[in-house]
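Fold and geometry: a report
This is what each chain is made of:
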Amino acid sequence: MSQKLFDSSEQDTLAEIIAHRRDIRGNNFLSTPIEKEKLDKILNAASLAPSVGFSQPWEFVMVNDKATRTAIVDDHRLANSAAKEKFTRNEQSKYSELKLEGIIESPINIAVFYCPSNAPVLGQDSMPEMGEYSVVCAIQNMWLTARAMNIGLGWVSILNPETLKSLLNAPREHKLIGYLCIGYVKEFLAQPELEKLQWRDRKKLTIISEKY
């Protein structure tokens, strides 16, 4: 089988998908179901992510139960309240206006876990965190594939991982890496929402040629 090469048009398309990827909030999701074949493409893209030692250390848990989702939202609210207190008073005012999750609103929730290996993993000995980074790569593949199909994805990070593991009966040794909300959206914003709201400015790309 000959190697696959991509032309400039395909390269430009990938650049456009990356540039227009967005983190979707709960006030932007539609209730429209996602077709099974499209969800399969998103999950298959995750399985093609690079992983240290070809370990593929990920596990995807579909969260469909309404009571479970409600309990996860309750945990988010507790964690969100605690997180808000760490910002300045002015930032807290902005923070209160943000809708930071779409757990109930999105048609699909997926918890993504890192599953450590009981055996040595090639390339992971001196940097054990590489296994978790591999799972992050899988999530990025999901995000870009979803965006290519005009489907939104939001990554909820304001959660207590141990509470969520308990709610999902996850094995003790598994580590929660991401909780994802996926669905069609009302709109894809022209720029990231937090940039648009002036929560933070985009940093200029800095390249260090050799060392600090």
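Notes on the structure in this doc start here. In this text, all values refer to a predicted model and were calculated from it rather than measured experimentally.

Brief notes about the side chain of Asn28
- Tracing the backbone shows Asn28 in the loop between α1 (8-19) and α2 (36-47).
- Its relative accessible area of 11% is what places Asn28 among the buried residues.
- With sequence-adjacent residues up to four places away left out, Asn28 is seen in contact with Tyr184, Val185, Lys186 and Glu187.

Here's the deal with the nonpolar core
- By size, the foremost hydrophobic cluster in this structure holds 23 residues, and its most contacted members are Ile34, Ile42, Ile110, Met142, Ile151, Leu180 and Ile182.
- If you tally residues by element for this core, the top one is helix α5 (residues 130-148), at six residues.
- If we ignore the near neighbours within four places in the chain, the residues touching Ile182 are Phe29, Ile34, Ile42, Ser106, Pro107, Ile108, Ile110, Met142, Ile151, Gly152 and Leu153.
- Counting residues in hydrophobic clusters, the runner-up holds 17 residues, among them Phe29, Leu159, Ala170 and Val185.

With respect to the packing of α2 against α5
- Across the interface, α2 lies against α5 with an axial gap of 7 Å and an inter-helix angle of 145 degrees. Here α2 runs over α5; the crossing is right-handed. Of the residues in α5, those in contact with Lys41, Ile42, Leu43, Ala45 and Ala46 of α2 are Ala138, Asn141, Met142, Thr145 and Ala146.
- Grouping the amino acids of the contact of α2 with α5 by side-chain chemistry returns seven nonpolar, two polar and one charged.

Thoughts on the state of the cysteines
- Counted by the stated rule, this structure contains zero disulfides.
- Sulfur of Cys115: no disulfide; nearest cysteine sulfur belongs to Cys137 and is 16 Å away.
- We classify Cys115 as buried; its relative accessible area is 19%.
- Looking at Cys181, it has no disulfide partner, and the nearest cysteine sulfur is the one in Cys115, 20 Å off.

What about the packing of aromatic side chains?
- Summed over all chains, the structure comprises four aromatic pairs.
- Between Trp143 and Trp155, the aromatic rings sit 6.0 Å apart at their centres with planes inclined by 55 degrees, giving tilted as the arrangement. Taken as a pair, Trp143 in helix α5 and Trp155 in strand β3 (residues 152-156) lie far apart in primary sequence, twelve residues in all.
- Residue Trp143 is classed as buried on the basis of its relative accessible area, which comes to 9%.
- On the basis of relative accessible area, Trp155 is assigned to the partly exposed category, the value being 23%.
- Taken together, Phe87, Tyr95 and Trp199 form an aromatic cluster joined through their ring pairs.
- Above the ring of Trp143, the side-chain terminus of Arg21 is found at 4.4 Å from the ring centroid.
- We note Arg147 situated over the ring of Phe188; from NZ or CZ to the ring centre the distance is 3.7 Å.

Considerations on the pattern of salt bridges
- Within the structure shown, the criterion is met by ten salt bridges.
- In this structure, Asp23 and Arg25 form a salt bridge, with 3.3 Å as the shortest nitrogen-oxygen distance.
- Residues Lys175 and Glu132 are paired through a salt bridge, measuring 3.0 Å at the closest nitrogen-oxygen approach. Taken together, the residues Lys175 in strand β4 (residues 175-183) and Glu132 in helix α5 connect sequence positions 43 residues apart.
- Here Lys175 falls in the partly exposed class, since its relative accessible area comes to 41%.
- Residue class for Glu132 comes out partly exposed when judged on its relative accessible area of 22%.
- Taken together, the shared-partner salt bridges in this structure form one network comprising Asp23, Arg25 and Glu193.

What counts and what doesn't
- Residues numbered from 1 in each chain as written.
- Predicted model: local features only at pLDDT ≥ 70, side-chain atom pairs only at ≥ 80, totals over all residues.
- Heavy atoms only, no water.
- Helix = DSSP H or I, 4+ residues; strand = E, 2+ residues; numbered from the N terminus.
- Buried < 20%, exposed > 50% of the residue type's maximum accessible area, 1.4 Å probe, protein only.
- Contact = heavy atoms within 4.5 Å.
- Core = buried A, V, L, I, M, F, W, Y, C linked by side-chain atoms within 4.5 Å.
- Axes fitted to C-alpha atoms, helices over the stretch in contact; angles between N-to-C directions.
- Left-handed = near helix turned anticlockwise from the far one by under 90°.
- Nonpolar A, V, L, I, M, F, W, Y, C, P; charged D, E, K, R; others polar.
- Disulfide = S-S within 2.5 Å.
- Phe/Tyr/Trp six-rings, centres within 6.5 Å; stacked < 30°, edge-to-face > 60°.
- Lys NZ or Arg CZ within 6 Å of the ring centre and 35° of its normal.
- Salt bridge = Lys/Arg side-chain N within 4 Å of Asp/Glu carboxyl O.

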